[in-house]
Amino acid sequence: MTSTSPSPYILCLVRGGKESKNTVTKAIDLALEMDARLVFFHVIDAEFLNQSMMGTRLKVVYQALYDMADFAMEILKDRAERRGVKEVETIIREGNIVKQLRQAAIETQAKLLVIGRPIRSPGSNVFHDSELLNFANELAEIGEVEVLIVGDEGE
Amino acid sequence: MIRDFFIQQKKRNDDFASEATQSSHLNNKAASSQVRAPRRIRVNRLLFLFVLVGAVFSVSGIQPVPTHAQEDFTRLILGEIFDGQDAPVEGVEIIARTGDERIGETLSQPDGTFILHLEKGNFDNLTLDFQRAHFASQSVALFPQEIAQIQKGGTVTLSPLTLTRKIGPVFWIVTIIFIAMLAIIAAGRLHNTLAALLGMSVIFAISYLGHPLSDKLFIFEFERSLHYVDWNVIFLIMGMMIVIAVVERTGIFQWLAFQSYKISGGRIWLLLIILMFVTGIASAFLDNVTTMLLMTPITIQIAIALGINPLSLLMPEVFASNVVGISTLVGTPTNILIGSYGNISFSDFLVNLTPGVLLSMLGLIGYSLYVYRKDYRAAGEIPEKMLERLAERGQITAPENLKKAGWVGLGMILLFVFGEHIHLLPSVTALIGATSLMVWIKPDIEEMIEAVDWTTLVFFISLFVVVGAVQEVGLISVIADGIGKMVNGNLTLAMILIIWLGGFLSTVVANIPFTAAMLPVIGFLTATVPGAESKVLFYCLSVGSAMGGNGSLIGASANLVTAGISERAGYPISYVYFLKKGFPALIVTLTIATLWLLIRF
């Protein structure tokens, strides 16, 4: 009887949309290469409601955002499965992106974190360049998680 | 009531034209009886009210503030006080003196009228001093024949008096505070509510802490500031928030969006038209932000499923929301402000604006089909699996509540439409509707109270106080004078100016404070520009301030919310992108709306 170690996790932080295309492609390629389990990870927040004048019913807004994120993640899951990734999961969380991602990395014991570089989201719940590097170093120290930052060209 | 009075000043002003001289108070017997008749009627009303109030106090046993008028109704001087825009001036201190002796004093009422009782009748000369903050003091000496009339125990009615504005340091201080508040809101440096609260606090601080140092730093007292808060607006918004909170939890928006796709049969042009109308009609009865909050996520899902850029559906939707929202009294906060100030009813908005709005919608549809034609060509069929997922999301989640909300909503619309005949205020209708709905569906009351966006209500209260200060120190009068001279009595010019100036300014300035500040200006123009009695200029302000929201990303809260959600789905809407698509839409809709209003009025 031979014992096989479980496949490693690749955590792919993604929002969906055109800008995520390269990040998702890279994550799928790596999952196939490493025979890893792929987790699409999405964090929802309603920070933009600070700019609105009316209608700040967070419960309803979060439900709508959750449904939207769930739909986008399901599409990515389909895409990864069609490409041949055997195990694909999706995780949707609410709140601060750094905290949630750190938590998810620890929970899944991910070996690799694939993150995109959003190009047009000043002030919102995304990583800024300086934060991204700090966060990568921090994760590497905590759990030996490798962080891959995917640019516009997919690298 | 005060505003009705104000709006009717043009007519009244004409009546008084022959006798309204600044310094002369002459009780001119030579004035025609036709001219004097209306004032007599008002004087009789004043006396009647005076007696009635006294009667009420005496019957109820409540002791009124001791006045000599309680003892007798002789030796009275009656009059009315206006500012340069013919708006009644409240709180003017009127002091009667004979020599150095003070023999009577009173304050003018909200409608500018005053009743002054003289304590004694034996005097040779009588001077009335008129004093009020932010106005130049005036003294008026009574003529011998008037003094004789008073000495006989009679009543003298003075000609209307116009007080001249005094531009002092607080004028500039309040102007700077108001502009700074608008700039902070536009730049997004602080939350709107915090910016308005800050403006209000600074005004009070200057008024209360600066006043002891110098009289010139007095703006107004706290009690006076509350006169500027329009509680009809506050309660109408609060009532509507509760109704909306019930409706938004029923899944109606998601269901409508999915049904739109089903009805369109995958034809993208038809889907666009249906989605724009669904969004527009929802915005006419609910607030635009809520509509876009709930329409945006499901629209993005449909667009992704169709394989098209979600912005090609979202942008037309938000345009429709901003434009069609002005069809009704409750569709936009600016309409609520305008309706309450201008005494414009729910059905007035429907009759006078809806046809123009529908025409603008046709223009918007044509524009959107043209601008996004390449995106629409990329549309494919939605795969079966995705369609199933969309159908799952497009369900009514609380059918019972939706049914009840539908009945209550219908009842509210009927009350909004027919309630005006019994002087039922829209705020009362909204509160009745909200309460009925809560009693009927028995929701978690804590949840419903949480659904009321108190920050918005605080924003409105603070805004009213800031705009009140702006009015108090005379900035609004200066603006009104300037615009009045610019349009020179030409209604068409006034309409075009208000629509287009409002439209362009609303692209950079938050349209709610802008509208609140413009209301007294529009009131003045309505009273002075021939032909404006139809309140057309209020409709022009509604069109300009709301449609202007389409001109830029920061032009309307609904734009920012749509951009926020879209960005979270990976489809950011940049300022430049919005400007490129939205500004031409603004031009198209403003042009059509201008033509409609010129034809209609």
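Look a little higher up for the structure.
Regarding its fold elements, chain B presents 26 helices and 8 strands. When burial is assessed residue by residue, chain B has 57% of its 601 residues classed as buried. Considering only intrachain contacts with a sequence separation of at least 6, the fraction spanning at least 24 residues in chain B is 75%. Roughly 24500 Å² of accessible area belongs to chain B as shown, and the carbon and sulfur atoms make up 65% of that amount.

Turning next to the interface of chain A and chain B. Contact with chain A, which involves 34 residues of that partner, is made by 40 residues of chain B. Together, the buried faces of chain A and chain B total about 3400 Å²; carbon and sulfur atoms form 62% of this surface. If you look at where chain A meets chain B, you find 5 salt bridges. Between A:Glu74 and B:Arg389 there is a salt bridge, with its nearest N and O atoms 3.2 Å apart. Scanning the region where chain A abuts chain B turns up 6 residue pairs in polar contact (both at pLDDT 80 or more). For the side of chain A that touches chain B, the element with the highest residue contribution is helix 2 (residues 58-83) of chain A, accounting for 12 residues.

On to the pattern of salt bridges, then. Tallied over the full model, the rule gives 15 salt bridges over all chains. Between A:Glu107 and A:Arg93 there is a salt bridge, with the nearest N and O atoms lying 2.7 Å from each other. Taken together, the residues A:Glu107 in helix 3 (residues 97-108) and A:Arg93 in strand 3 (residues 88-94) connect sequence positions 14 residues apart. Of the residues examined, A:Glu107 reaches a relative accessible area of 46% and is grouped as partly exposed. We note a salt bridge from B:Glu105 to B:Arg102, for which the minimum N-O separation is 2.4 Å. Of the residues examined, B:Glu105 reaches a relative accessible area of 46% and is grouped as partly exposed.

Counting 194 residues, the largest nonpolar core has A:Leu38, A:Phe40 and B:Leu537 as the members making the most contacts within it. Excluding its chain neighbours within four sequence positions, the residues that come into contact with A:Leu38 are A:Ile10, A:Cys12, A:Ala27, A:Ile28, A:Ala31, A:Ala80, A:Val85, A:Glu87, A:Val88 and A:Glu89. By size, the runner-up hydrophobic cluster in this structure holds 23 residues, among which are B:Ile94, B:Phe135, B:Ile147 and B:Ile150.

Our focus in this paragraph is the packing of helix 12 (residues 311-324) of chain B against helix 26 (residues 575-600) of chain B. All names here are of chain B. Interaxial distance between helix 12 and helix 26 falls to 11 Å at its minimum, and their mutual angle equals 40 degrees. In terms of their interaxial angle, helix 12 and helix 26 are classed as oblique. When the axes of helix 12 and helix 26 are compared, the crossing they make is right-handed. Across from Leu311, Met315, Val318, Phe319 and Val323 in helix 12, the residues of helix 26 making contact are Tyr577, Phe578, Lys581, Gly582, Ala585 and Thr589.

Attention now goes to a nonpolar patch on the surface. Residues and elements named next belong to chain B. Taken together, the side chains of Leu501, Leu505, Val508, Tyr575, Val576 and Leu579 present a nonpolar region at the surface, about 470 Å² in accessible area. For valine 576, the position within the fold is in helix 26. In this structure valine 576 comes out as exposed when scored by relative accessible area, which is 54%.

A word on the pairing of strand 4 (residues 113-117) of chain B. All names here are of chain B. Taking burial as the measure, the 5 residues of strand 4 include 5 buried ones, the bulk of the element. The two faces of strand 4 match: Thr113, Ile115 and His117 on one face and Phe114 and Leu116 on the other face are all buried. Of the pairings in the sheet, the one linking strand 1 (residues 76-82) to strand 4 comprises 5 bridges and is antiparallel in character. Bridge assignment links glycine 79 to a residue of strand 4, and that residue is phenylalanine 114.

Moving on: helix 25 (residues 557-568) of chain B. A rise of 1.5 Å per residue sets the reference length of helix 25 of chain B, with its 12 residues, at 16 Å; its end C-alpha atoms lie 17 Å apart and thus fit the reference within 8%. With respect to burial, helix 25 of chain B is a largely interior element, 12 of its 12 residues being buried. Contact partners of the buried residues in helix 25 of chain B: strand 2 (37-44) and helix 2 of chain A together with helix 11 (288-306), helix 12 and helix 26 of chain B. Downstream of helix 25 of chain B by a residue or two, B:Gly570 has a phi angle that is positive, lying close to 90 degrees.

The next subject is the side chain of B:Ser360. Residues and elements named next belong to chain B. You can see serine 360 is positioned in helix 14 (residues 346-371). Judged by its relative accessible area of 0%, serine 360 is buried. When residues no more than four places from it in sequence are discounted, the contact partners of serine 360 are Val323, Met547, Thr589, Ile592 and Ala593.

What counts, and where the lines are drawn
- Residue numbers run consecutively from 1 along every chain, following the written order of its sequence.
- A letter from A marks each chain and a number from 1 marks each ligand, given out in the order of writing.
- Reporting of local features is limited, given that this is a predicted model, to residues whose pLDDT is at least 70; pairs of side-chain atoms are given and counted only at 80 or more, and all residues count toward the totals for whole chains, interfaces and linings.
- In computing side-chain values, all of the structure's heavy atoms are included and hydrogens and water are not.
- Counting from the N terminus, the helices are the DSSP runs of H or I reaching at least four residues and the strands are the DSSP runs of E reaching at least two.
- For every residue, the accessible area (1.4 Å probe, protein chains only) is compared with the maximum for its type, and the residue is labelled buried under 20%, exposed over 50%, or partly exposed between those bounds.
- Any two residues having at least one pair of non-hydrogen atoms within 4.5 Å are treated as being in contact.
- Accessible areas in this description were obtained via Shrake-Rupley with a 1.4 Å probe; residue shielding takes into account the shown protein chains only.
- Note on definitions: buried area is the accessible-area loss of two parts on being combined, 1.4 Å probe, summed for both.
- What counts as a salt bridge is simple: a side-chain nitrogen of Lys or Arg found within 4 Å of a carboxyl oxygen of Asp or Glu.
- Between N or O atoms, a polar contact is any pair within 3.5 Å; within protein, one atom must be a potential hydrogen donor and the other a potential acceptor, and residues adjacent in sequence are included only when both atoms are from side chains.
- As used here, the term nonpolar core means buried Ala, Val, Leu, Ile, Met, Phe, Trp, Tyr and Cys residues forming a set that is joined through side-chain atoms within 4.5 Å.
- Axis definition: a line fit to C-alpha positions, over the contact stretch in the case of helices; interaxial angles, taken between N-to-C directions, run 0 to 180 degrees.
- Angular relationships are summarised with four words: roughly parallel below 35 degrees, roughly antiparallel beyond 145, roughly perpendicular across 65 to 115, and oblique for the angles in between.
- Here a crossing is called left-handed whenever its near helix is offset anticlockwise from the far helix by less than a right angle, and right-handed whenever the offset is clockwise.
- Excluding any residue in a salt bridge, patches collect residues exceeding 30% relative accessible area, merging like charges within 9 Å and nonpolar Val, Leu, Ile, Met, Phe, Trp and Tyr side chains within 5 Å.
- Whether two strands pair comes down to DSSP finding at least two bridges between them.
- A helix is expected to reach a length of 1.5 Å times the quantity of its residues less one.

In short, the description is geometric, and any link to function would need to be established separately.
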